[in-house]
There are 2 protein chains.
Amino acid sequence: MNVTILDRLLQIGELFQHDMARAFAGTGLTSARVRVLWVLQHSGPMTQQALASALEVSPRNVTGLVDALEASGHVHRAPHPNDRRAVLVELSATAEQTMAQMQRDHAALSATLLDAVDPGERAAVERGVAAIADRLAVLVAEAREAES
Amino acid sequence: MNVTILDRLLQIGELFQHDMARAFAGTGLTSARVRVLWVLQHSGPMTQQALASALEVSPRNVTGLVDALEASGHVHRAPHPNDRRAVLVELSATAEQTMAQMQRDHAALSATLLDAVDPGERAAVERGVAAIADRLAVLVAEAREAES
DNA sequence: TTCATACCATGAAGGTACTACATCATTACC
DNA sequence: GGTAATGATGTAGTACCTTCATGGTATGAA
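All of these numbers come straight from a predicted model, not from anything done at the bench. (Residues numbered from 1 in each chain as written. Chains lettered and ligands numbered in written order. Predicted model: local features only at pLDDT ≥ 70, side-chain atom pairs only at ≥ 80, totals over all residues. Heavy atoms only, no water.)

(A) Just the relation of the copies chain A and chain B, in detail. Rotating chain A by 180° and moving it 0.0 Å along the rotation axis overlays it on chain B with an RMSD of 0.0 Å. Taken together, the rotation and translation relating the two chain copies correspond to the operation of a two-fold axis. When you check the interface residues of chain A against chain B, 100% turn up at the interface there too, and the contact is symmetric in its surfaces. (Least-squares fit on C-alpha atoms with pLDDT ≥ 70 in both. Contact = heavy atoms within 4.5 Å.)

Shown next, in the form of structure tokens:
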């Protein structure tokens, strides 16, 4: 049984995820919570509804994640200026620094991984992976539509 | 903020995983249970201990997964011929067919994805992705060792 | 042969990530 | 100004995972 490129791609995802979980063990952070922080870092303060659709999870689930992140001091809830039903979730100052560092680590890891590729083929590999990701996104979107 | 190749690779993993979950919704199968079946398909009947180390989860967790798979008729527990403590978990006939089909689908998807890559660059992309996966595996192994 | 030790599976208890449904307050619209 | 949509959350439940404790079985040394 040959190892397909898809096997390799999935192996990368699993390795990364597993390693993230290990790295955060004992810090109170988990991968789901880091995803929340990641979105907030990229897009700024937002309501839990917006967070839910950005993360593609139920709003109810976001409430729990924000509860945990608020208890550990990574985010805080502020009243929404125009809508008293909603809350704005925003990063704390320390979380902002943590996430900036994480982003640097992420970029460094990406560079290290690309370093394992033959220099003459790096551009082709980057293009190819992007093409595969785009194709898969299309396939998934089609499958999702076909069911609804 | 540029999109790195690591972002793309992780996007692929997430898309795939999300789509798997959607595809199995309502069948009684989940991604963790499919992973069990996948290992059994590749390596044949084995004890729950072996399954636990192959999946890198606790033996206790395997008990629950096998319980569910046994209840849904995908596997059955057989006594181990040489060790009355252990059980051998093996695929049912129908699960064997299901997994064979899944493997064909998997290969077809891999081919479809590779089809999105420029034909002249496919070999380079396959090599590059494999190199990245291997490098990441080494990095993760090192990090794991550094902590223990 | 027997006794200590290691090992396999599982019970008990608990944490996190998710879901659907119901509820309450607030907003938006006719 | 009343009705309908919307934002957050309570309740209840499932799946996946953990550690610790227990009972049965295997193994190797005294």
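After that view of the structure, there is still more to cover.
(B) Seen up close, the pattern of salt bridges. Considering all chains together, one arrives at 16 salt bridges over all chains under this definition. For Arg77 of chain A, the salt bridge is made with Glu70 of chain A, and the minimal N-O distance between the two is 2.6 Å. In this structure Glu70 of chain A comes out as partly exposed when scored by relative accessible area, which is 32%. Residue Glu56 of chain B is joined to Arg144 of chain B by a salt bridge in which the shortest nitrogen-to-oxygen separation is 3.0 Å. Placement of Glu56 of chain B in the loop between α3 (48-55) and α4 (59-71) and of Arg144 of chain B in helix α6 (residues 122-147) is noted, with a sequence separation of 88 residues between them. (Salt bridge = Lys/Arg side-chain N within 4 Å of Asp/Glu carboxyl O. Buried < 20%, exposed > 50% of the residue type's maximum accessible area, 1.4 Å probe, protein only. Helix = DSSP H or I, 4+ residues; strand = E, 2+ residues; numbered from the N terminus.)

(C) Local environment of the interface of chain A and chain B. On the side of chain B, 48 residues touch chain A, which itself brings 48 residues to the contact. Summed over both partners, the interface of chain A with chain B comes to about 5000 Å²; 71% of that surface belongs to carbon and sulfur atoms. There are four salt bridges connecting chain A and chain B. A salt bridge links Arg127 of chain A to Glu121 of chain B, with the shortest nitrogen-to-oxygen separation between them at 2.5 Å. Counting across the chain A and chain B interface gives 10 residue pairs in polar contact (both at pLDDT 80 or more). Residue assignment for the side of chain A that touches chain B shows that the elements contributing at least two residues are α1 (5-24), α5 (93-114) and α6 (122-147) of chain A. Take the side of chain A that touches chain B: its biggest share by element is 19 residues, from α6 of chain A. Of the residues assigned to the side of chain A that touches chain B, the class counts are 25 nonpolar, 10 polar and 13 charged. (Buried area = accessible area lost by both parts, 1.4 Å probe. Polar contact = N/O pair within 3.5 Å; in protein donor to acceptor, adjacent residues only side chain to side chain. Nonpolar A, V, L, I, M, F, W, Y, C, P; charged D, E, K, R; others polar.)

(D) Region of interest: the protein's contact with DNA strand C. Surveying the vicinity of DNA strand C reveals 22 residues, the closest of which are Thr30, Ser58 and Asn61 of chain A together with Gln49 and Arg85 of chain B. Among the atoms of DNA strand C lying within 4 Å of the protein, the sugar-phosphate backbone contributes 71%. Taking Arg60 of chain B, its side chain carries an N or O atom lying 2.8 Å from a base nitrogen of DNA strand C. Arg85 of chain B places a side-chain nitrogen or oxygen 2.7 Å from a base oxygen of DNA strand C. Every element with two or more residues in the surface near DNA strand C is listed here: α2 (31-43) and α4 (59-71) of chain A together with α3 and α4 of chain B. Residue composition of the surface near DNA strand C, by class: six nonpolar, seven polar and nine charged. (Near = heavy atom within 4 Å.)

(E) Up close: the packing of helix α3 (residues 48-55) of chain A against α4 of chain A. Residues and elements named next belong to chain A. Relative orientation of the contacting elements α3 and α4 amounts to 110°, with a least axis distance of 9 Å. The angle between α3 and α4 places the two elements in the roughly perpendicular class. In this structure, α3 uses Gln48, Gln49, Leu51 and Ala52 to contact α4, whose residues at the interface are Pro59, Val62, Thr63 and Val66. (Axes fitted to C-alpha atoms, helices over the stretch in contact; angles between N-to-C directions. Parallel < 35°, antiparallel > 145°, perpendicular 65-115°, else oblique.)

(F) Region of the structure containing the protein's contact with DNA strand D. Gln49 and Arg85 of chain A together with Thr30, Ser58 and Arg84 of chain B are the nearest of the 22 residues found near DNA strand D. Backbone atoms, meaning sugar and phosphate, make up 67% of the atoms of DNA strand D lying within 4 Å of the protein. Here a base nitrogen of DNA strand D and a side-chain polar atom of Arg60 of chain A are 2.9 Å apart. Within the contact set of DNA strand D, a phosphate oxygen lies 2.6 Å away from a side-chain nitrogen or oxygen of Ser58 of chain B. Among the residues forming the surface near DNA strand D, the class breakdown is six nonpolar, seven polar and nine charged.

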